[in-house]
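Here are the chains, one letter per residue:
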Amino acid sequence: MTKTQADITHLDFEFKKTYTTQVEVLVGVGAIKELPKAIARLKPDKIFIVCDTNIAELYLEDVKKLLSDSYEVYGVTHDPKESNKKLETVAEISTEFFAHGGSTQSVICTLGGGVTANMVGLFASIAYRGVHLINIPTTLMSQVDSAADVKHSVNSERIKNAIGSYKAPDIVIIDPNFLKSLNPRGLRAGIGEAVKHGLSQDMEFVNYLLKADYSDPEVLKHIAATTISLKIDHWKHSPGMWNDTKLVRRLTHLGHVTGKIFEMIHLDYLTHGEAISHGMVIETYASHLLGHIDMESVEKMRSVLQQLELLYPLDETYTVDTIMDRTYGESDPPLFALLTELGNPHVLSTEIPAEVYREAVSWYLSSRG
Ligand SMILES: NC(=O)c1ccc[n+]([C@@H]2O[C@H](COP(=O)([O-])OP(=O)(O)OC[C@H]3O[C@@H](n4cnc5c(N)ncnc54)[C@H](O)[C@@H]3O)[C@@H](O)[C@H]2O)c1
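To keep things clear, this report deals only with the structure shown in the data block. Worth saying up front: this structure is predicted, and the values here are computed from it rather than measured.

Concerning the packing of helix α9 (residues 256-265) against helix α12 (residues 320-328)
Link 1 in the chain: Between α9 and α12, the least distance of the axes is 10 Å, while the angle of their chain directions is 115 degrees. Crossing angle aside, the handedness with which α9 passes α12 is right-handed. On α12, the residues that touch V257, I261, M264 and I265 of α9 are T322, I323, R326 and T327.
Link 2 in the chain: Here the contact of α9 with α12 is composed, by residue class, of five nonpolar, two polar and one charged.

Quick word on the pairing of strand β6 (residues 151-154)
Link 1 in the chain: Here β6 shows a buried face lined by H152 and V154 and an unburied face lined by K151 and S153.
Link 2 in the chain: In this sheet, strand β7 (residues 163-166) lies alongside β6 in antiparallel orientation, the contact comprising four bridges. Bridging across to β7, H152 finds its partner in S165.

Brief notes about the site of the ligand
Link 1 in the chain: Every one of the 31 residues lining the ligand counts as a neighbour, but N54, G113, G114, T139 and M141 are closest to it.
Link 2 in the chain: Elements with a minimum of two residues in the shell around the ligand: α2 (53-67), α4 (114-126), α5 (140-146) and α6 (184-201).
Link 3 in the chain: Here the shell around the ligand is composed, by residue class, of nine nonpolar, 14 polar and eight charged.
Link 4 in the chain: Composition of the shell around the ligand by domain shows at least three residues from each of domain 1 (24-181) and domain 2 (185-215 + 240-366).

Here we look at the packing of α12 against helix α13 (residues 354-366)
Link 1 in the chain: Interaxial distance between α12 and α13 falls to 10 Å at its minimum, and their mutual angle equals 145 degrees. Once α12 is placed against α13, the crossing between them reads as right-handed. Of the residues in α13, those touching α12 at V320, I323, M324, T327 and Y328 are A354, Y357, R358, V361, S362 and L365.

What counts and what doesn't
- Residues numbered from 1 in each chain as written.
- Predicted model: local features only at pLDDT ≥ 70, side-chain atom pairs only at ≥ 80, totals over all residues.
- Axes fitted to C-alpha atoms, helices over the stretch in contact; angles between N-to-C directions.
- Helix = DSSP H or I, 4+ residues; strand = E, 2+ residues; numbered from the N terminus.
- Left-handed = near helix turned anticlockwise from the far one by under 90°.
- Contact = placed C-beta atoms within 7 Å.
- Nonpolar A, V, L, I, M, F, W, Y, C, P; charged D, E, K, R; others polar.
- Buried ≥ 20, exposed ≤ 12 C-beta atoms within 10 Å, placed from the backbone.
- Pairing = 2+ DSSP bridges.
- Near = placed C-beta within 6 Å.
- Domains from an automatic or database assignment.

Printed below as a string of structure tokens:
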């Protein structure tokens, strides 16, 4: 039998997402009281408030009460912690949503930290290919960063944030009153993302953070509003960034290659803010070894992060070999965002040769005291 060439018809089409979402971010002490007014414009048939079991005990009933006179409101809970930021937990949230008749007109509210925001944001982006989303962050980390953001992801077995999507929330309500129940380490964790923006965009803000009174809700409001403003400003100056995030590392990724690996090496040991703070020092030292930044800046950064109590002691699981294996052992070579000067947002998006990164990690682990 002779082989004949298959008769193949070639067709193509272009897919372009063109819609824009205007995100309303309300920041203020007592801002949660604005929730009923803010949610009304979304005309929900049902409201699902998703939180972890710790937040359910603390705040779920109070937030439900704000809405239950006017709407059908369901609370959905999940187990807390980074180790539960996985597809299985998203599937459990999905089961609850559909069991209670969640529809395309339902609104999903996240109430909690970045773990809740990431998982529920991912679910809201895929439920009916996108339902309305409101973020009500209750950690400083989520108030300064994950709540006013569009990235949502969960972890695979080995890789942090490996499975994700983009979706803008419709409304974000940031109320520092929620932070009163956070323990000091939990509160400090949020400063990690705030100081990242300071170190790369605004050294005045770094000085403010070093002197701030973290027990004052108005100070916490200022920190959240300033950090989000710096992030929005960075986005405005990065046109097309959502199309090329796989290729270009922005300043929001400072310390994040190493930080994310540090979180995965020992799940639930470091807070996200602590992990990226270790990462910022290591990666900035690597930048120094590559001749991009002076040593004085590396030391200044380390001193700032130490003063903010963000360099939480690493345990024995953090060895040079483990870190190297995790960083360079995957299929994609890591792309870093490297600082060239403190306060300068023009970071370098580049690979680091493995031997240079090894030297930076060895220096850091041997000098961490
Ligand atoms: N752009 C983004 O999407 C983005 C940005 C930054 C961080 N993240 C992700 O966020 C996660 C870290 O978030 P996180 O630091 O908020 O941690 P988290 O969500 O794990 O919360 C930390 C702990 O604090 C508890 N908690 C939350 N609010 C509380 C409150 N008001 N009072 C008492 N306890 C409270 C939680 O129950 C949990 O046990 C990481 O997975 C990180 O990757 C995402």
